[in-house]
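Chain residues, written in single-letter form:
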Amino acid sequence: ERQYIRELCSSVHYTAPDIYDQKKTASVGTIPQRSSLLDALNEYFQVNIYSNSIFYQKLISPLSKDGKKYYFFKLDSIGRNEGDLQYKVRFTPRYKSDQLIEGYMIVSDDNWSIRNFSFKGYIQFIHFESDIQFGALGSAAELLPIRYDMKVRMNFFGNKVKACYLASIKYHGITLDELIRPLKKKSKYDLSDSFLLSNDTTTYSSDRYKFNGERQVPLDSLDHSIYDRHDS
């Protein structure tokens, strides 16, 4: 079998960058245990577009303080979405470098917040294309991602792997408190003092039929076909 699927539902309590408690509540799919690429690409989902760098300082963000030194910016088009005037701005690297990305962002005229951020690039043996959508304008989640699509192509040791990831996020409560100073880590990989990952043993489920009630994005025809082949 050359096609696999995995679905994961988790509950996250987020306090500050790198300080959060994540409990997996349900997981289903056809990938054999301990064979998933999900964990290997975990850091590719930890993106703060408003910071100076992306992916643990691997890439320079176009929105960094010195972004104009590394990127060209061009107004692509102007449109409206539900009455909100929006600008589509493209960014391209000034230099050929694997630390730079290219893509576009949709910016709201109302308060200059970013509605959509799409980019692609290359890190080591991984080519990636990412698209991040943010919460509704004026909502508490306006500056937070609500959907993250990513496509990756990997080529290593003669193996070519393609993967499509979709993260759909629903917020149950957002409160703004005074800035909490993050705990200082010995390295970017050492999250032992600030990050907890566990299974919620009281509600954890691997039943695919029960998972139907958890799924926020419906399965498409390809997803169904992978499950059907696995079942047969």
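This text follows the structure it describes.
Here the structure is a predicted model, which is why all the values come from computation and not from measurement. (Residues numbered from 1 in each chain as written. Predicted model: local features only at pLDDT ≥ 70, side-chain atom pairs only at ≥ 80, totals over all residues. Heavy atoms only, no water.)

(A) Molecular detail of the environment of His224. Relative to the elements of secondary structure, His224 occurs in helix α3 (residues 221–231). For the pair His224 and Ile5, spaced 219 residues apart in sequence, the C-alpha separation works out to 9.6 Å. (Helix = DSSP H or I, 4+ residues; strand = E, 2+ residues; numbered from the N terminus.)

(B) Inspection of the sheet that holds strand β9 (residues 126–134) at higher detail. With respect to topology, seven strands assemble into an open sheet ordered β5-β6-β7-β8-β9-β10-β11, the strand pairing being antiparallel. Both outer strands of the open sheet, β5 (71–81) and β11 (159–168), are each paired with one neighbouring strand and no more. When strand polarity is set aside, the average angle formed by the axes of neighbouring strands in this sheet is 10°. With 10 bridges connecting them, strand β10 (residues 145–156) and β11 associate as antiparallel partners. When the sheet's bridge partners are listed, Arg147 is paired in β11 with Ser168. (Pairing = 2+ DSSP bridges. Axes fitted to C-alpha atoms, helices over the stretch in contact; angles between N-to-C directions.)

(C) Expanded view of the side chain of Ser130. Relative to the elements of secondary structure, Ser130 occurs in strand β9. Taking the relative accessible area as the measure of exposure, Ser130 reaches 3% and is therefore buried. Side chain to side chain, Ser130 and Tyr148 meet in a polar contact 3.3 Å long. Excluding residues within four positions of it along the chain, Ser130 makes contact with Phe117, Ser118, Phe119, Tyr148, Asp149 and Met150. (Buried < 20%, exposed > 50% of the residue type's maximum accessible area, 1.4 Å probe, protein only. Polar contact = N/O pair within 3.5 Å; in protein donor to acceptor, adjacent residues only side chain to side chain. Contact = heavy atoms within 4.5 Å.)

(D) Local environment of the nonpolar core. Counting 28 residues, the largest nonpolar core has Phe55, Ile101, Phe117, Phe119, Phe128 and Val152 as the members making the most contacts within it. What Phe117 contacts, discounting residues up to four positions off in sequence, is Ile49, Ile54, Pro62, Leu63, Phe91, Tyr104, Met105, Ser130, Asp131, Ile132 and Phe134. Cys9, Phe211, Leu219 and Tyr227 belong to the second-largest nonpolar core, a separate cluster that totals eight residues. (Core = buried A, V, L, I, M, F, W, Y, C linked by side-chain atoms within 4.5 Å.)

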